[in-house]
Structures are given as C-alpha cells and as structure tokens.
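Chain residues, written in single-letter form:
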Amino acid sequence: MLLVSEPVLGVPEKAALSKVIDSGWLTMGERVRAFEEAFAAMHGADDCVAVNSCTAALHLILHGLGIGPGDEVLVPSLTFVATVNAVLYVGATPVFVDIESEDVPLMSVKDAEARCTPRTRAVILVHFAGYLAHKEEWQAFASVRGLYIVEDAAHAPGLKEVGTFGAGAAFSFYGNKNMTTAEGGAVISRDPELLETIRQARGHGMTTGTRQRLNSRTPQYDVTMLGFNYRMDEMRAAIGLVQLRNLQEWNDVRRILVALYRRLIATRCPDISMPFSEPRTSAYHIMPILLPRYVNRQDVIDEMRAQGIQTTIHYSPVHQMTLYRERCPGVHLPRTEDFACRELTIPLHPQITSPVVEAVVDALASALTKSARAGAAA
Ligand SMILES: *Cc1c(COP(=O)(O)O)cnc(C)c1O
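- By the naming in an unreviewed UniProt entry, the chain is Aminotransferase DegT, taken from Mesorhizobium hawassense.
- The record held by UniProt for the chain lists under Sequence similarities (unreviewed entry) the comment "Belongs to the DegT/DnrJ/EryC1 family."

Pasting the structure below:
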C-alpha cells in the first residue's frame, strides 16, 4: 500500500538511539538542549523550547500569554482538532472562522474581522498543507485590534518566516509530519520572556531541571507557577537531531513532487482542482486536491485503495465534530464545509519517486472515469 505519508528512518536514527541508551541519561539532557538550539537556528530564531507534542506547544503558548476564561480566540475549522482543543484547555472560547476560498483554504481575514468582539484576544493561524498565511495582512489585522498571533506550524517546519508572525509558533514532530521524533513538538517565540515562562511551565513550573541540579551545588528548587509535564526526552531529541539535518532536502523533494503532481493532474485529470494555484511559500506537507462535484468521493477512495493507494481527508471540519457542535452550536462556515466535502489528500512524502506520482495520477484518472460512469448509470 502506498501511504499518504511515511517517515524516513534508518541507520543514523538507530545509531543515535543506541548512543542515548549507552549514555544512561534518558530525558531533558544535552541532546534536548542541542535539538532546541539546532531547531531554533534553522528558523533564524535565538532559542526554542522542545516539548512532547504540538498540542502541548499550543497549550503552553496560550497559557504563557495569559489567555483564559472570558477570552475569545479566532481559529480555523479546517484543521486538526488539537488547534482548537488548546483553546478549551485554557478555558477560553474558540471562535471558528471560514476559509478565504477553495483556492486559498487558509483563514479568511475578512471573516475574521466580522467575528471579532471586544473579548477577542488572539488568532491561531494554521499554515494549512504547509502554505504560509499572509504575514503582513495578519499583522495589520492583529495590531489594530491588539491581538496576539499564534502560529500552528505543524505543517510548516523548516521555513524561516514561521515563528515571525507574532507571539509564537507551535511545531509537531508526530510520525506523519515533515520531520519526526515519533511524538514531539517545539515552541519558537521571538519574545524571550514568553519563552522562559513556557520553558518553566513545560516542567511542572519548577525553577530548575534535573540536569541543572546535577551540575549545581544546591539540590533545591522552587515551584512558582502551576506547570505541566510536557518534557521531551533524549531519545526523541536524538532522532530529531538526525531528522533536522535532512529537513531542507526533504522539503525540496516535496516541492518537486508537488510541481510534478500539478502538471500531471492538470493534463490528465482536468476536472480536479488544486488549491494554492498562485505561488506561495510552502513546506509542502500534504497534497490536497478537490474532486469535481459529479463524483462520489467514497467511490474514488475505494478505487484508489483497490489500486494500492491510500488517500485521506484534510479535514473533517472541527466545528462539525460532536464535541464542538455541543460546545459551539449553530456555527456555519459554507466555504470550509464545501471544501471539506470535496477534498482528498493523495500521497506525498520524500520517498515517493516520479513514476509513483505518475501511477497515482493515472489511478485517479481511472477512478474519476469509473465513478462518473457509475453516477450516470444510477
Ligand atoms: C498534527 C497536528 C497537530 C498536533 O500535533 P501533535 O504533535 O500530534 O500534538 C496540531 N495541528 C495541526 C494542524 C496538525 O497537523
């Protein structure tokens, strides 16, 4: 089965893991620190905080900004549920915002403006599929209203612009992301004070870590805030250091594969539309396509599967999940809902080759023809 995404793992990751085991120091040691320094440097930032997931990273940013009950946070619905869950973790209220268009399925500035109230404190931007939101537009939007910008950068690691939009950016190193540590995440912020608060909140709100106490005369520590256990361990950091060395090259391969997909789909499946038709900075995390209205998506998914090709959907809108229909009733986002009904994500990862891209597009073309024929017969 050709998978939608697949991690690249090999001998260097195994070697890095065995070194950690041999060292006898398993968590929050020098590898975590080295990973933080390398990850920050790649993004042109002075520092970052490694954590155990992007979800934790989002939670820590909102917590560090002091966002809480009574506050509203603008969020997209076309995202993974974790983006929105983080808002509930701090007791604030998520306010769902529609996408711009089917060609630009990123949060609409115009719709965001319409949904602002005196209680709005922040906006969480998701660089959907790896394509960056429009920085100047959002900074103008946020600065006149005094709002924080938080980036959910789970899809966009390795881009210099990420983490420069506003308060901070949250990254994911989950197994299906552009680079992985199995589970893992990081926060980049240009605000050193916020980053220090986040660093402390990551480890129970303690004033020193285990490693620091080893190197210090006094074994004492204090707890000056209610923190969490969102620590990264040495095994993950060791894998992350290896993965990070390949990230730019992998993102380049993704870019080349996307260009090939675009060319082939445009000629062989002209009824399929592809978002982000205009050039835009991207980490090319996934390859989303929009099926024509005349086909049944499930037929296409089944036919692709029969040909050994996995496809997925990004995303079922968060506002339509049972939890959020209960918590935030009556939300209607017509452009998000229409996009989500027709979207299909086809395989994209650095181990895919050109002939495989050709095979996927040919399979798509025949799946469309079959589904259209079945529709006509019915
Ligand atoms: C994967 C993902 C997350 C969650 O990442 P974890 O590291 O699994 O917590 C959050 N937001 C988006 C957009 C994602 O794709």
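## Comments concerning the overall build of the chain
No. 1: Scanning the chain from N- to C-terminus turns up 13 helices and nine strands.
No. 2: Dimensions of the chain, computed from the C-alpha atoms along their principal axes, are close to 80 × 55 × 35 Å.
No. 3: Taking all 378 residues of the chain together, 53% fall into the buried category.
No. 4: Surface accessibility of the chain: about 16400 Å² in total, with carbon and sulfur atoms responsible for 53%.

## Quick notes on the site of the ligand
No. 1: Neighbouring the ligand are 16 residues, the closest being Thr55, Asp152, His155, Ser172 and Lys177.
No. 2: One nitrogen or oxygen atom from the side chain of Tyr315 is found 3.3 Å from an oxygen atom belonging to the ligand.
No. 3: Burial of the ligand by the protein chains amounts to 92% of its free accessible area of 380 Å².
No. 4: Counting residues per element, the ones that place at least two in the shell around the ligand are helix H3 (54–64) and helix H4 (81–89).
No. 5: Grouping the amino acids of the shell around the ligand by side-chain chemistry returns seven nonpolar, seven polar and two charged.

## Re the UniProt feature "modified residue: N6-(pyridoxal phosphate)lysine" (unreviewed entry) in the chain
No. 1: The UniProt record marks Lys177 with the feature "modified residue: N6-(pyridoxal phosphate)lysine" (unreviewed entry), using the residue numbering of this structure.
No. 2: Relative to the helices and strands, Lys177 resides in the loop between strand S6 (168–172) and strand S7 (185–188).
No. 3: You can call Lys177 buried: its relative accessible area is 16%.
No. 4: Setting aside chain neighbours within four positions, we find Lys177 in contact with Ala154, His155, Ser172, Arg254 and His285.

## Concerning the domain arrangement of the chain
No. 1: Assigned domains of the chain: these are domain 1 (11–244) and domain 2 (247–377).
No. 2: A C-alpha centroid distance of 27 Å is found between domain 1 and domain 2.
No. 3: It is Glu102, Tyr131 and Asn178 that lose the most area in domain 1 upon contact with domain 2, and together they represent 21% of the buried surface on that side.
No. 4: There are one salt bridge connecting domain 1 and domain 2.
No. 5: Where domain 1 packs against domain 2, one counts 25 residue pairs in polar contact (both at pLDDT 80 or more).

## What about the packing of aromatic side chains?
No. 1: Summed over all chains, the structure comprises eleven aromatic pairs.
No. 2: Between Phe228 and Tyr230, the aromatic rings sit 5.2 Å apart at their centres with planes inclined by 10 degrees, giving stacked as the arrangement.
No. 3: Clustering of aromatic rings is evident, with ring pairs tying together Phe35, Phe39, Phe171 and Phe173.

## Details of the nonpolar core
No. 1: In this structure, Phe128, Ile265, Met287, Ile289, Val300 and Leu364 are the most contacted members of the largest nonpolar core, which totals 44 residues.
No. 2: Going through the elements one at a time, helix H9 (234–268), strand S8 (287–290), helix H10 (297–306), helix H12 (334–342), strand S9 (343–346) and helix H13 (354–377) are the ones with two or more residues in this core.
No. 3: The dominant element in this core, judged by the number of residues it contributes, is H13, at eight residues.
No. 4: A domain-level breakdown of this core finds at least three residues from each of domain 1 (11–244) and domain 2 (247–377).

Definitions and limits used
- Residues numbered from 1 in each chain as written.
- Predicted model: local features only at pLDDT ≥ 70, side-chain atom pairs only at ≥ 80, totals over all residues.
- Heavy atoms only, no water.
- UniProt positions renumbered as here; feature names shortened; annotations may be inferred.
- Helix = DSSP H or I, 4+ residues; strand = E, 2+ residues; numbered from the N terminus.
- Buried < 20%, exposed > 50% of the residue type's maximum accessible area, 1.4 Å probe, protein only.
- Areas by Shrake-Rupley, 256 points an atom, 1.4 Å probe, with all protein chains shown as cover.
- Near = heavy atom within 4 Å.
- Polar contact = N/O pair within 3.5 Å; in protein donor to acceptor, adjacent residues only side chain to side chain.
- Nonpolar A, V, L, I, M, F, W, Y, C, P; charged D, E, K, R; others polar.
- Contact = heavy atoms within 4.5 Å.
- Domains from an automatic or database assignment.
- Buried area = accessible area lost by both parts, 1.4 Å probe.
- Salt bridge = Lys/Arg side-chain N within 4 Å of Asp/Glu carboxyl O.
- Phe/Tyr/Trp six-rings, centres within 6.5 Å; stacked < 30°, edge-to-face > 60°.
- Core = buried A, V, L, I, M, F, W, Y, C linked by side-chain atoms within 4.5 Å.

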